[in-house]
Amino acid sequence: MHQHAVSHTSMANAIRALAMDAVEQAKSGHPGMPMGMADVATVLFTQYLKYDPQHPDWPDRDRFVLSAGHGSMLLYAVLYLAGYADMTLDEIRRFRQLGSRTAGHPEYGHATGIETTTGPLGQGLGNAVGMALAERILAARFGPALVDHHTYCLAGDGCLMEGISQEAITLAGHLKLAKLIVLFDDNKISIDGPTSLAISEDATLRFAAAGWRVLDLDGHDPEAIAAALGEARRGDDRPTMIRCRTIIGYGAPSKAGTAATHGSPLGEKEVAGARAQLGWRHPPFVIPNEIVSAWRAAGARGAAGCAAWAKRLAGAPEAQRAEFERVIAGELPAAFAATIESIKAKAAAEKPKLATRQSSGNVLEELVKIMPELIGGSADLTGSVNTQTKSHKAIKAGDFSGGYIHYGVREHGMAAAMNGMALHRGIIPYGGTFLVFTDYCRPAIRLSALMGLRVVYVMTHDSIGLGEDGPTHQPVEHLAALRAMPNLQVFRPADAVETAECWALALAARDAPSVLVLTRQALPAVRAIHTRENLCARGAYVVAEATGPRRVSLLATGSEVSIAIEAQAKLASEGIEAAVVSMPCWSLFERQPAAYREQVLGAGTARVAVEAATGFGWERWLGTEGGFVGMKTFGASAPAGDLYKHFGITADAVVAAVKQRLG
Ligand SMILES: Cc1ncc(C[n+]2csc(CCOP(=O)(O)OP(=O)(O)O)c2C)c(N)n1
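Residues numbered from 1 in each chain as written. Predicted model: local features only at pLDDT ≥ 70, side-chain atom pairs only at ≥ 80, totals over all residues. Heavy atoms only, no water.

**Q** How would you sum up the overall build of the protein? Please name residues and give values.
**A** Within the protein one finds 26 helices and 18 strands. The C-alpha radius of gyration of the protein comes to 27 Å, within 12% of the 26 Å expected for a compact globule of 663 residues. With respect to the principal axes defined by its C-alpha atoms, the protein has extents near 90 × 55 × 45 Å. Within the protein, contacts between residues separated by at least 24 positions form 77% of all contacts whose residues are at least 6 apart in sequence. When the accessible surface of the protein is split by element, carbon and sulfur atoms take 54% of a total near 24,200 Å². The averaged location of the 66 negative side-chain charges in the protein is 2 Å from the averaged location of its 63 positive side-chain charges. (Helix = DSSP H or I, 4+ residues; strand = E, 2+ residues; numbered from the N terminus. Rg over C-alpha atoms; globule rule 2.2 N^0.38 Å. Contact = heavy atoms within 4.5 Å. Areas by Shrake-Rupley, 256 points an atom, 1.4 Å probe, with all protein chains shown as cover. Lys, Arg positive; Asp, Glu negative; His and termini not counted. Charge placed at Lys NZ, Arg CZ, Asp CG, Glu CD.)

Right, dumping it as structure tokens:
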């Protein structure tokens, strides 16, 4: 494969030089990892990785995930060298500057070839597992002529020290994701110094125990790297971990092999020394033409494969081609709106008394029939969170034709894998657990939101209403915490109709993740009249009008909407006219015109909100005069009905709060 006149060393040194120079210029960043892994990256990108810089969105490209995101310059350098048009030398000069494509850590969407946003260590590994899983699911659906690629993940000591790595590794091993290849940068250095300060694990044994094949090599020996990558791609039914023993900051005369190459520029003298040691005679940001050409030639390797793939797609049976293109584009099926409509009409007619987790299950029952791209799952709470439908077959090692994933007790791994599936495209992932365990998923939820991924989190048992499991399981601050996150749609529907509407909104939002906050306990229907319009789409609306001039506005979400309606009746019997506002999604409401918001909230009315959670954040709707009926402390273990009374979340309490305001 070595037909380039330019040596491997020169090509790898181009990465090292760009990493040193960009970090020097930015006066911040991490030169160590890119310098250490330059040899591995060079062999991978010039000999093995399947990609085409002219078609960066080629659906069947290999995925490369830089889980060790602090080493972003490795990725930027390679993308530039391989010929991605939007990664220019100018962008590299502007490393870490406002508006550049070369952010401190790789950010999805900033430049082509960046497959995911990384930086929080370990997340990329979880994403890679999701991508590899998505590849298998789509291959089972569309066949190897259209879907047959590898997923590579570069992970460092830090990624493997993070707990999420264990969830990701054991899930991948269990599912036998044989086309997943992890390149472990085993340089034995992290920020504080040698990793021996904090860990004495042999990581290879952990992978082996989880059912991985482990290869071991000198990460500066290009022949060995090529051989291992070749072997990793050859038939084995296990994922592969390649332990690459490297020297961090390779080439730096006094700092190589030390934590000093981590997290700051090498400094002028050290850079000059590294240039001498590496035999790199070129000024900063200058890569000789012959080296760029050799890289570009390597980057052009994939063009023929990409063209052949496009031909196969064009020649596929019409229905298959159209369906493949639809799911890759992330378009909803033609029957989507009518399906939601009929679910809503049925619920409005039947007025079922159901927990919203059950209503959610009913919605899924219908949607999964028309949306094979909807891949569900749960972190070992399937029966409780109603995420598996009757038509769902479980996905398992060797058979990826199902639509349901048993993630096991791995909330964090589930969320990170869902991000990977959404990033891969072709799949809309949803997964469920208890709302309280959003804490266990939060780092990955945050990345869904930051990247703008359509991932749906089905989070049930959403308040003290879950009852006997007690305060460890009863979320109180979680709604506030989730609502605080930018670009996350938090939906708390009140009944079966609202649940269908919120699912419709979650799936229609292509650039944002959603959390569906659902009850364990049954709720009465609050939407008795069918409307074609999705009333939840504006975030909040008057669900029960006052019968006369409105003096009071009762604001509520989810299970407390029916409590507000009960309070409305009590107030009406005393001649106090109140309207009930259901507010299933604050962030959508915030985006409405001021006039609509004022009309819904009732200008000049006394306002009281009721929600079985802490009041943090409600002041924005209540102002300084409004009242809040909810939780002030953690919950307790008891039947739900007793808890609502004990914590004073009742219609009577709402009435009292109103009267207090009316004087
Ligand atoms: C979750 C998380 N915690 C902490 C950090 C800060 N951090 C960035 S790099 C790093 C050390 C990484 O060590 P390693 O993976 O060995 O990378 P290398 O030293 O090889 O560059 C730390 C702690 C982070 N980015 N993410």
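**Q** Before we move on, can you summarise the sheet that holds strand S10 (residues 428-434) with the specific residues and values?
**A** Strand order in the open sheet formed by six strands is S9-S8-S10-S11-S13-S12, and the pairing between neighbours is parallel. Each of the sheet's edge strands pairs with one partner strand only, and the pair in question is strand S9 (404-406) and strand S12 (489-491). Across this sheet, the average inter-strand angle for adjacent strands is 20°, counted without regard to direction. In this sheet, strand S11 (residues 456-460) lies alongside S10 in parallel orientation, the contact comprising five bridges. Bridged to Gly432 within S11 is Val458. (Pairing = 2+ DSSP bridges. Axes fitted to C-alpha atoms, helices over the stretch in contact; angles between N-to-C directions.)

**Q** Residues and numbers for the site of the ligand, please.
**A** Residues in close proximity to the ligand total 16 residues, the closest being His70, Gly119, Gly158, Asn187 and Ile189. With respect to the ligand, the backbone of Leu121 contributes an N or O atom lying 3.1 Å from a nitrogen atom. Within the complex, 75% of the 590 Å² of free accessible area of the ligand lies under protein. Going through the elements one at a time, helix H6 (157-161) and strand S4 (189-190) are the ones with two or more residues in the shell around the ligand. Of the residues assigned to the shell around the ligand, the class counts are six nonpolar, seven polar and three charged. (Near = heavy atom within 4 Å. Polar contact = N/O pair within 3.5 Å; in protein donor to acceptor, adjacent residues only side chain to side chain. Nonpolar A, V, L, I, M, F, W, Y, C, P; charged D, E, K, R; others polar.)

**Q** Break down the pattern of salt bridges for me, with residues and values.
**A** For the coordinates displayed, the defined rule picks out 37 salt bridges. For Asp39, the salt bridge is made with Arg16, and the minimal N-O distance between the two is 2.6 Å. Of the two residues, Asp39 sits in helix H2 (residues 32-48) while Arg16 sits in helix H1 (residues 8-26), which places them 23 residues apart along the sequence. What makes Asp39 buried here is its relative accessible area of 4%. Given a relative accessible area of 1%, Arg16 falls into the buried group. Note that Lys188 is salt-bridged to Asp186, the shortest N-O span being 3.1 Å. Residues participating in the shared-partner salt-bridge network are Asp186, Lys188, Asp216, Arg243 and Arg245. (Salt bridge = Lys/Arg side-chain N within 4 Å of Asp/Glu carboxyl O. Buried < 20%, exposed > 50% of the residue type's maximum accessible area, 1.4 Å probe, protein only.)

**Q** Go over the pairing of strand S18 (residues 627-631) with me, naming the residues and quoting the values.
**A** The buried fraction of S18 is high, at four of five residues. Where strand S17 (residues 606-614) meets S18, four bridges bridge the pair, whose relative direction is parallel. From the neighbouring strand, Thr614 faces S18, where its bridge partner is Met631.

**Q** Pulling in residues and values, what's your account of helix H7 (residues 163-175)?
**A** In this model H7 runs 19 Å from its N-terminal to its C-terminal C-alpha over 13 residues, within 8% of the 18 Å that 1.5 Å per residue would give. Within H7, burial applies to Ile164, Ser165, Glu167, Ala168, Ile169, Leu171, Ala172, Gly173 and Leu175. Those residues of H7 that are buried are in contact with helix H5 (123-142), H6, strand S3 (180-186), helix H8 (203-209), S9 and helix H17 (411-424). Where H7 terminates, the next one or two residues include Lys176, which has phi positive at roughly 50°. (Expected span 1.5 Å × (residues − 1).)

**Q** Break down the environment of Asp60 for me, with residues and values.
**A** Tracing the sequence through the fold places Asp60 in the loop between H2 and strand S1 (63-66). Its relative accessible area of 2% is what places Asp60 among the buried residues. A C-alpha to C-alpha distance of 49 Å links Asp60 and Phe634, two positions 574 residues apart in sequence. Those residues in contact with Asp60, other than ones at most four positions away along the chain, are Lys50, Leu146, Val147, Asp148, His149 and Trp309.

**Q** So what's going on with the environment of Glu318? Which residues, and what values?
**A** Within the secondary structure, Glu318 sits in helix H13 (residues 318-329). For Glu318, a relative accessible area of 52% puts it in the exposed group. In terms of polar contacts, Glu318 uses its side chain to reach the side chain of Arg321, at 2.8 Å.

**Q** Describe helix H9 (residues 222-233), and please don't skip the residues or the numbers.
**A** Helix length check: H9 (12 residues) gives 17 Å between terminal C-alpha atoms against 16 Å at 1.5 Å per residue, within 8%. Residues of H9 that are buried make contact with H1, H2, strand S2 (151-156), S3, strand S6 (213-218) and strand S7 (240-245). Two or three places before Glu223, at the opening of H9, Asp221 has a side-chain oxygen 3.0 Å from that residue's backbone nitrogen.

**Q** Describe the packing of aromatic side chains, listing the residues and the values that go with them.
**A** Under the criterion given, the structure shown has 15 aromatic pairs. Each ring, one from Phe437 and one from Tyr440, has its centre 5.8 Å from the other, and the planes form 70°; the classification is edge-to-face. Look at Phe437 and you get buried, because its relative accessible area is 18%. Note that Arg483 overlies the ring of Trp586, its terminal NZ or CZ placed 3.8 Å from the centroid. (Phe/Tyr/Trp six-rings, centres within 6.5 Å; stacked < 30°, edge-to-face > 60°. Lys NZ or Arg CZ within 6 Å of the ring centre and 35° of its normal.)

**Q** Go over the packing of H1 against helix H10 (residues 268-278) with me, naming the residues and quoting the values.
**A** One can describe the packing of H1 onto H10 by two numbers: an axis separation of 11 Å at closest approach and a directional angle of 170°. Between H1 and H10, the interaxial angle falls into the category roughly antiparallel. Here Asn13, Arg16, Met20, Asp21 and Glu24 of H1 lie close against H10, whose contacting residues are Glu268, Val271, Ala274, Arg275 and Leu278. A class-by-class count of the residues in the contact of H1 with H10 yields four nonpolar, one polar and five charged. (Parallel < 35°, antiparallel > 145°, perpendicular 65-115°, else oblique.)

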